[in-house]
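# Understanding the architecture of this molecule
What follows is the residue order along each chain.
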Amino acid sequence: MPEHTPAPTPGRAIYGFVLYLLFKTLFLLYILWAYIPTAWFEMVGLTYLPDKYFALFLPKVTLVAVTLFAFIIYPSLALSMMPDVDDRATVADNNAIVRCEYSFPDDQCCHQRVEDPFETGWYAKRHCAKHSSRHIETQRTVRIANFCDCPYEGQCLLRKDPEYLPTLRSKDPIPAVRDLNLSKVSRVLYGRCR
């Protein structure tokens, strides 16, 4: 089977030239129809031509259609083909390079490429094949009821505790961003960066 190529060929040159002549002729006929009075066409015997109103209406409809396509339909198609916000493909795909995080005793790092880091979904492997046997990865088999939350300093609640939800509900809510004192936040952030 011949390879498809966008290079010019004799067949394409002939088709292109014929289409060029056809559209030039159609445009000339359109201009003549738009500007020559209807009475002249009736004298020649052409009584079945469309109304002159369409000489202005069709270009306007075409421009509106192109505008709708360019600013509404085309962006909507692009948005509909995007993955969901919580999909892992928005962050990394199969070509993502994740480096091994194994640290040697002398504080050197491995930095080998981790093969298939996201094969278990969002949870990424942190070590290459050489070091994954030395480091036991934390698995998601741990029951969530065995984790605890610390709503107040010095007080931790297991999630399976019956007082867990009422205590969390009685805790002061986290302030919204609009309620934060930005000067205090900037001082805290600037102090951490020093």
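Given the structure is predicted, the values throughout are model-derived calculations rather than measurements.

## What to know about the overall build of the protein
Broken down by element type, the protein carries six helices and two strands. Listing the helices and strands of the protein from first to last along the sequence gives α-α-α-α-β-β-α-α. Per-residue burial over the protein gives 11% buried out of 194 residues. In the protein, of all internal contacts separated by at least 6 residues, the share reaching a separation of at least 24 is 19%. Entry remark: accessible area of the protein is about 17300 Å², with carbon and sulfur atoms responsible for 64%.

## Regarding the packing of aromatic side chains
In total, this model carries six aromatic pairs according to the counting rule given. A ring pair is formed by Y53 and F54, whose centres lie 5.6 Å apart and whose planes are at 70°; its orientation type is edge-to-face. You can call F54 partly exposed: its relative accessible area is 33%. Summarising the aromatic geometry, the rings of F69 and Y74 are spaced 5.8 Å apart at their centres and angled 40° between planes, so their arrangement reads as tilted. Using a relative accessible area of 42% as the deciding quantity, one classes F69 as partly exposed.

## Overview of the layout of surface pockets
Approximately 160 Å³ is the volume found for the largest pocket. The wall of the largest pocket is formed by R88, D93, N94, A96, R113, V114, E115, D116, P117, F118 and E119. Taken together, the residues that form the lining of the largest pocket break down as four nonpolar, one polar and six charged.

## A word on the packing of helix α1 (residues 10-35) against helix α3 (residues 53-81)
Where α1 meets α3, the axes come as close as 8 Å, and the angle between the chain directions of the two elements is 130°. Between α1 and α3, the angle is such that the two are oblique. For the pair formed by α1 and α3, the contact residues are Y30, W33 and A34 on the first element and F54, A55 and P59 on the second. Within the contact of α1 with α3, the residues separate by chemical class into six nonpolar, no polar and no charged.

## Details of α3
The terminal C-alpha atoms of α3 lie 40 Å apart, and with 29 residues this matches the ideal 42 Å at 1.5 Å per residue to within 8%. The axis of α3 is deflected most strongly, by about 45°, at F69.

## Looking at a nonpolar patch on the surface
A cluster of nonpolar residues, V64, L68, F69, F71, I72, I73, Y74, L77 and M81, forms a patch on the protein surface that exposes about 980 Å² of accessible area. In this fold, Y74 is placed in helix α3.

## Considering the confidence of the model for the protein
Here the protein averages 77 in pLDDT, and 69% of its residues register 70 or above. A low-confidence stretch, residues 137-145 (pLDDT under 50), is modelled with eleven contacts involving residues beyond four sequence positions or located in other chains.

Cut-off values and rules
Going along each chain's sequence as written, the residues are numbered from 1 onward. Given that this is a predicted model, residues contribute local features only at a pLDDT of at least 70 and side-chain atom pairs are listed and counted only at 80 or more, while totals for whole chains, interfaces and linings are drawn from all residues. With hydrogens and water set aside, each side-chain value is computed from the structure's full complement of heavy atoms. In this description a helix means any DSSP run of H or I spanning at least four residues, a strand means any run of E spanning at least two, and both kinds are numbered starting from the N terminus. Between buried and exposed lies partly exposed: a residue is buried under 20% and exposed over 50% of the maximum accessible area for its type, with that area taken using a 1.4 Å probe on protein chains only. By the convention used here, residues are in contact when the closest approach between their heavy atoms is within 4.5 Å. In these tables, accessible area is a Shrake-Rupley quantity obtained with a 1.4 Å probe, and a residue counts as shielded only by the protein chains included in the view. Here is the rule: rings of Phe, Tyr and Trp (six-membered ring for Trp) pair when centre to centre is within 6.5 Å. Planes less than 30 degrees apart are stacked, more than 60 are edge-to-face, and the remainder are tilted. A cavity, in this analysis, means grid points on a 1 Å lattice covering only the protein atoms where a 1.4 Å probe fits yet has no way out; a pocket is instead an open set bounded by protein on both sides within 12 Å along at least five of seven lines, and a residue lines either one if it has an atom within 4 Å of a point. Grid points are joined across faces, edges and corners, and a volume is the space filled by probe spheres set on the points. Any residue that is not Ala, Val, Leu, Ile, Met, Phe, Trp, Tyr, Cys, Pro, Asp, Glu, Lys or Arg is counted as polar, Gly included; the first ten are nonpolar and the last four charged. Where helices are involved, their axes are fitted lines through C-alpha atoms of the stretch in contact, as for all axes, and angles between N-to-C directions lie from 0 to 180°. Throughout this description, any angle smaller than 35 degrees is read as roughly parallel, any larger than 145 degrees as roughly antiparallel, any in the 65 to 115 degree range as roughly perpendicular, and the remainder as oblique. Here a helix's expected span is defined as the number of its residues, less one, multiplied by 1.5 Å. Throughout, bend refers to the angle between the axes fitted to the seven residues that end at a position and the seven residues that start at it. Residues form patches when they are more than 30% accessible in relative terms and have no salt bridge. Like charges link within 9 Å. Nonpolar side chains (Val, Leu, Ile, Met, Phe, Trp, Tyr) link within 5 Å. Put simply, a salt bridge is a Lys or Arg side-chain nitrogen that is within 4 Å of an Asp or Glu carboxyl oxygen. pLDDT is a residue-level measure of predictor confidence that goes from 0 to 100.

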